[in-house]
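Each chain, written out:
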Amino acid sequence: MAEKRKVLITGATGYIASQMLDEYRERYDLTLVDVKNTDPKGNEVADVVIADLSDLDRASYQPLFDGVDAVVHLGYKRSSAGGVFGDAVAHIDRFDVELSNVQMANNVYRAAYDAGVRRMVVASSNHAADWYEQALVHQRLKDVVSTTDLPVSDNFYGWAKAAYELLSWPYACGKFGRKLEFVHVRIGFTLEIDVEGLEGEGPGVPPAMTGMANFKRYLGAYLSPRDLRQLVRKGIETPDINDRDGVPFVIVYGISGNTRAFWSLDTARNVLGYEPEDDSEVRFAKDVHRLLTGKGAGVAGGRVGV
């Protein structure tokens, strides 16, 4: 029997990690790291090592990276200044905490580099290029956002995620002596779609996008738990992720194979061999029929808008 890969997961008590751990505990030799050992509901998560990866003194956690094959970086410090689409003051005041998240990312990259880790899989976000979605896609001026589009965001959360991506390039290109491999996953919408709560503001969605426009947005952005696990697994295990210039660096969108998708899965499919099993149009078919396509629904067709 082949020896299990040794994988370190940061942010191991968070929501995204919670969708992975049962399967990954069987598949990998895991090291779980977070600043606490309880999940968002207060339940204890077994085998978590308590460490603050935002600490500039890497010596305190550097040994955790020894002998690790791949790091899945999910660690994230939340802002107390409101959500991604909070009011104008809260929004502009997010810079300091997001800058600390960029610093944390570099701490993790450097610790991985110094320990000889081969591969990083980093939780980026669709917000790394969310300006296109809000300014163009939902205005029906652009159909699909690709990973080749310039990463532009109108908020500091998205800026920080784009910074994670660009920050990794010096490590990946070999400038420092060896190439640390990077897969950045621009994660979409991972919560269950709350059909009954569509009239309120949804997570990660501007207040103006409520009701059916909100529902359509979720249908395009949805990432099911099993597709999330597959995509990150492919990120860990795909042998060759070199681009045409020989740099082991790839950015992929993290969504299911959604009929109403407005982010491209080309890179995920072609580089990682990702084959999504789910489609929100099927997963929520009864609600789609009742709210969007059925008799008397009265909603315009297409991916976005009403």
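Just so we're clear, the structure is a prediction, and the values are computed from it rather than from any experiment.

The rules behind these values
- Numbers given to residues run from 1 along each chain, matching the order in which its sequence is written.
- In view of the model being predicted, local features appear only for residues whose pLDDT reaches at least 70, and side-chain atom pairs are presented and counted only at 80 or more, with totals across whole chains, interfaces and linings using the full set of residues.
- The basis for every side-chain value is the complete set of heavy atoms in the structure, and neither hydrogens nor water enter the calculation.
- Strands here mean DSSP runs of E at least two residues long; helices mean DSSP runs of H or I at least four residues long; both are numbered from the N terminus.
- What the globule rule says is 2.2 Å times the number of residues to the power 0.38, and the radius of gyration is computed from C-alpha atoms.
- Here, two residues are considered to be in contact whenever any of their heavy atoms come within 4.5 Å of each other.
- Throughout, the Shrake-Rupley method with a 1.4 Å probe supplies accessible areas, and for residues the shown protein chains are the sole cover considered.
- His residues and chain termini do not enter the charge count, which takes Lys and Arg as positive and Asp and Glu as negative.
- Taken as the charge location is NZ of Lys, CZ of Arg, CG of Asp or CD of Glu.
- Under the convention used throughout, the expected extent of a helix is 1.5 Å for every residue step, that is, one less than its residue count.
- Only protein chains enter the accessibility calculation, which uses a 1.4 Å probe; a residue is then buried when its area is under 20% of its type maximum, exposed when over 50%, and partly exposed in between.
- The convention used is that axes are lines fitted to C-alpha atoms, helices contributing only their stretch in contact, and that angles between N-to-C directions extend from 0 to 180 degrees.
- With respect to orientation, any angle under 35 degrees is reported as roughly parallel, any angle over 145 as roughly antiparallel, any angle of 65 to 115 as roughly perpendicular, and every other angle as oblique.
- Crossing handedness is read from the near helix: turned anticlockwise from the far helix by less than a right angle, it gives a left-handed crossing, and turned clockwise, a right-handed one.
- The nonpolar class holds Ala, Val, Leu, Ile, Met, Phe, Trp, Tyr, Cys and Pro. Asp, Glu, Lys and Arg form the charged class, and all remaining residues, Gly among them, are polar.
- What we call a nonpolar core is a set of buried Ala, Val, Leu, Ile, Met, Phe, Trp, Tyr and Cys residues that are connected through their side-chain atoms within 4.5 Å.
- By this definition, two strands are paired if DSSP reports at least two bridges between them.

A.B. asks: How should I be thinking about the overall build of the chain in this particular structure?
C.D. replies: Summing up its helical and strand segments, the chain has 12 helices and seven strands in all. For 306 residues, the compact-globule estimate of 2.2 N^0.38 gives 19 Å, and the C-alpha radius of gyration of the chain, at 19 Å, lies within 12% of that figure. In the chain, the share of contacts with a sequence separation of at least 24, taken over all contacts with a separation of at least 6, comes to 69%. Working note: accessible area of the chain is about 13,900 Å², and carbon and sulfur atoms make up 51% of it. Taken together, the 35 basic and 43 acidic charged side chains of the chain have centroids lying 4 Å from each other.

A.B. asks: Help me out: how do you make sense of helix α9 (residues 225-237) in this one?
C.D. replies: It helps to recall that an α-helix has 3.6 residues per turn; residues three or four apart then point in one direction. Taking 1.5 Å of rise per residue, the 13 residues of α9 would be expected to cover 18 Å, and the 18 Å separating its terminal C-alpha atoms lies within 8% of that figure. The element α9 is largely enclosed, with a buried count of 10 among its 13 residues. Among the residues of α9, those classed as buried are Asp 227, Leu 228, Arg 229, Gln 230, Leu 231, Val 232, Arg 233, Gly 235, Ile 236 and Glu 237.

A.B. asks: It is not clear to me how the packing of helix α8 (residues 211-221) against helix α12 (residues 285-293) should be interpreted in this structure. Could you clarify?
C.D. replies: Between two packed helices, the angle of one axis relative to the other and the distance separating the axes together describe the packing. Between α8 and α12, the least distance of the axes is 11 Å, while the angle of their chain directions is 140°. On the basis of their axis angle, the class for α8 and α12 is oblique. Taken as a pair, α8 and α12 cross one another with a handedness that is left-handed. Here Met 212, Phe 215, Lys 216 and Leu 219 of α8 lie close against α12, whose contacting residues are Asp 287, Val 288, Leu 291 and Leu 292. Per-class residue counts for the contact of α8 with α12 are six nonpolar, no polar and two charged.

A.B. asks: Explanation requested: the nonpolar core in the structure shown.
C.D. replies: Most often, soluble globular proteins keep nonpolar side chains buried together rather than apart. Grouped together as the largest cluster of nonpolar side chains are 57 residues, with contacts concentrated most on Ile 9, Ile 193, Phe 215 and Ile 236. Looking at which element gives the most residues to this core, the answer is α8, with five residues. Residues in contact with Ile 236, not counting those within four places in the same chain, are Arg 5, Val 7, Tyr 24, Tyr 28, Ala 70, Val 72, Arg 118, Arg 119 and Val 121.

A.B. asks: When you look at unusual backbone geometry in this model, what are you seeing that I'm missing?
C.D. replies: What is expected of a backbone is that most residues other than glycine have negative phi and most peptide bonds are trans. For Asp 47, which is not a glycine, the phi torsion comes out positive at approximately 70°. Looking at the element boundaries, Asp 47 is found in the loop between β2 (29-34) and β3 (48-50). Asp 47 sits in the exposed class, given a relative accessible area of 61%. Phi at Arg 140 is positive, roughly 60°, even though this residue is not glycine.

A.B. asks: Sorry, what's going on with the sheet that holds strand β6 (residues 181-187) here?
C.D. replies: Strands belonging to one sheet form pairs held by backbone hydrogen bonds; the direction of such a pair is parallel or antiparallel. Spatially, the seven strands line up as an open sheet ordered β3-β2-β1-β4-β5-β6-β7, and their pairing is parallel. What marks the edges here is a single partner per strand, and that holds for β3 and β7 (249-254). Taken pair by pair, the neighbouring strands of this sheet meet at an average axis angle of 20°, ignoring direction. Where strand β1 (residues 6-10) lies against strand β4 (residues 70-73), four bridges are found, and the strand directions are parallel. Bridge assignment links Val 7 to a residue of β4, and that residue is Ala 70. Across the face of the sheet, helix α6 (residues 156-167) comes into contact with β5 (119-125), β6 and β7 while running at roughly 160° to β5. Sitting on the sheet, α9 is in contact with β1, β4, β5, β6 and β7, with an inclination near 145° to β5.

A.B. asks: Honestly, the pairing of β7 in this entry has me stumped. Any pointers?
C.D. replies: The side chains of a regular strand alternate, residue by residue, between the two faces of the sheet. With six of six residues buried, β7 is to be regarded as a mostly interior element. Burial along β7 is two-sided: the face carrying Phe 249, Ile 251 and Tyr 253 and the face carrying Val 250, Val 252 and Gly 254 are both buried. With six bridges connecting them, β6 and β7 associate as parallel partners. By the bridge assignment for β7, Val 185 is matched with Val 252.

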